[in-house]
Amino acid sequence: MSEALAAVETAGTQPSVPAVSGARQFWRRLRAQRAALVAGAVVALLVLVALAAPLLTALEGQDPTTYHPSLIDSARGGVPVGSLGGIGAGHWLGVEPQTGRDLFARLVYGARVSLGVAFAATVVQIAIGVAVGVGAALGNRWVDQLLSRVTDVIVSMPLMIMSLALLAIVPAGFPRPVLVALVIGLIAWGNIAKIVRAQTLSLKGLDYVLAARLSGWGAWRVARRELLPGLAAPVITYAALLVPTNITVEAALSFLGVGVKPPTPSWGQMLTAADVWYQAAPQYLLLPAGALFVTVLALTVLGDGVRTALDPRAASRLRVGTGRKDPTPPGKPEEPGKPGEPRKEATA
């Protein structure tokens, strides 16, 4: 309850029993979903691997950019020497065809780029979308119309085509991971703006928001103190689902050659170079593809779990056919009896 609404309450109101905090309720609901917990552990492990990439490659004694021409067979077109792509004590996952660069080092450093770009793009999208959505809902009719039309234009833009166009004209000296994150964030914020605007319009009519506005609070203070806490659940839910989408977009842009440029490793950029080696060195294609698949799947499952934990009324899309069926036919009232006791058949 807001401070403005609490100030007008009568002194004789009975004290209420303190409820369990929202964070504890969220954690309890999330723990009840085993799939979400497993996905969260996988995501945490991936983030830890990405952060510890320099340490892991130092333990292996390799780096992602050094060429090892002695580890490739030039007579066979650059295929790694040895079995399983050159896997050994010095190269835990083998080496890259034609260049001999360590595959494990490029894979873990690629996780830093892919996850970093996805999370940074999500932050940009959320910041712009929340600002535009709240501004449209709290502004006058002209402001609402202007921001809504701008949002419609952004939503109608094809993300991949606009990203390709923007990334192609930017000078090569600009850091590509930062550029990719900015381009994705600046183009794909329209949907979150629409969600925030609709949610803000529904919150404006609630008593505590009306009491805050009647007490003389400005629009910014009302938004910061009353509306933003109510917007936290849908925004966090949408953000959790945006991250895997942004990872896929970054991989697609790098695969098309306009994303992260060599020698900076990225899973999408690795897939670009591996498309002709799937027969001679299949691990070069399977490892980045598998890492991308596991990451997107884990983030999607975690996002679904967060959505369900924040809105317990919504059934998880991952649980199909696990609910108990009501034996009572629709429209037929249940016969009185004790809870859990089987219904007695009427005797003649």
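This structure is a prediction, so every number in the text was calculated from the model and none was measured. Numbering of residues begins from 1 in every chain and follows the order in which that chain's sequence is written. Local features in this predicted model are restricted to residues whose pLDDT is 70 or higher, and side-chain atom pairs enter the listing and the counts only when it is 80 or higher, whereas totals over whole chains, interfaces and linings include all residues. Note: side-chain values were computed over all heavy atoms of the structure, leaving out hydrogens and water.

Caption draft 1: The arrangement of the pattern of salt bridges in detail. A side-chain nitrogen of Lys or Arg and a carboxyl oxygen of Asp or Glu constitute a salt bridge if their distance falls within 4 Å. The full count for this structure, using the stated rule, is 6 salt bridges. Its salt-bridge partner being D152, residue R149 comes within 2.9 Å of it at the nearest N-O pair. In this pair, R149 and D152 both sit in helix α6 (residues 141-156), 3 residues apart, roughly one turn of the helix. Salt bridges here are not isolated pairs; linked through shared partners, they connect E96, R101 and R106. Segments assigned H or I by DSSP are reported as helices when at least four residues long, segments assigned E as strands when at least two residues long, and all are numbered from the N terminus.

Caption draft 2: Summary view of the packing of aromatic side chains. Only the six-membered ring of Trp is used, alongside the rings of Phe and Tyr, when aromatic pairs are assigned; centres must lie within 6.5 Å, and planes under 30 degrees apart are stacked while those over 60 apart are edge-to-face, with the rest tilted. All told, the structure shown has 1 aromatic pair when counted by the stated rule. Each ring, one from W92 and one from F104, has its centre 5.0 Å from the other, and the planes form 55 degrees; the classification is tilted. One end of the pair, W92, is in the loop between β2 (79-80) and α5 (103-138); the other, F104, is in helix α5, and 12 residues separate them in sequence. In this scheme, a residue with accessible area under 20% of its type's maximum is buried, one over 50% is exposed, and one in between is partly exposed, where area comes from a 1.4 Å probe on protein chains only. A residue is classified by how much of its surface remains accessible, and F104, at 13% relative accessible area, is buried.

Caption draft 3: Quick look at the nonpolar core. Counting residues in each nonpolar core, the largest one holds 27 residues, and the members touching the most others are I247, W267, Y284 and L292. Considering every element that reaches this core, the biggest residue donor is helix α13 (residues 282-310), with 8 residues. Ignoring any residue separated from it by four or fewer positions in sequence, one finds Y284 in contact with E96, P97, L103, M270, A273, A274 and W277. Put simply, a nonpolar core is a bunch of buried Ala, Val, Leu, Ile, Met, Phe, Trp, Tyr and Cys residues held in one set by side-chain atoms that sit within 4.5 Å of each other. Counting 20 residues, the second-largest nonpolar core is a separate cluster that includes V130, A193, V196 and V222. Any two residues whose heavy atoms approach within 4.5 Å at even a single point are treated as in contact.

Caption draft 4: Summary view of unusual backbone geometry. For Q98, which is not a glycine, the phi torsion comes out positive at approximately 70 degrees. If you trace the backbone, Q98 turns up in the loop between β2 and α5.

Remember, this is a structural readout, not a statement about activity or role.
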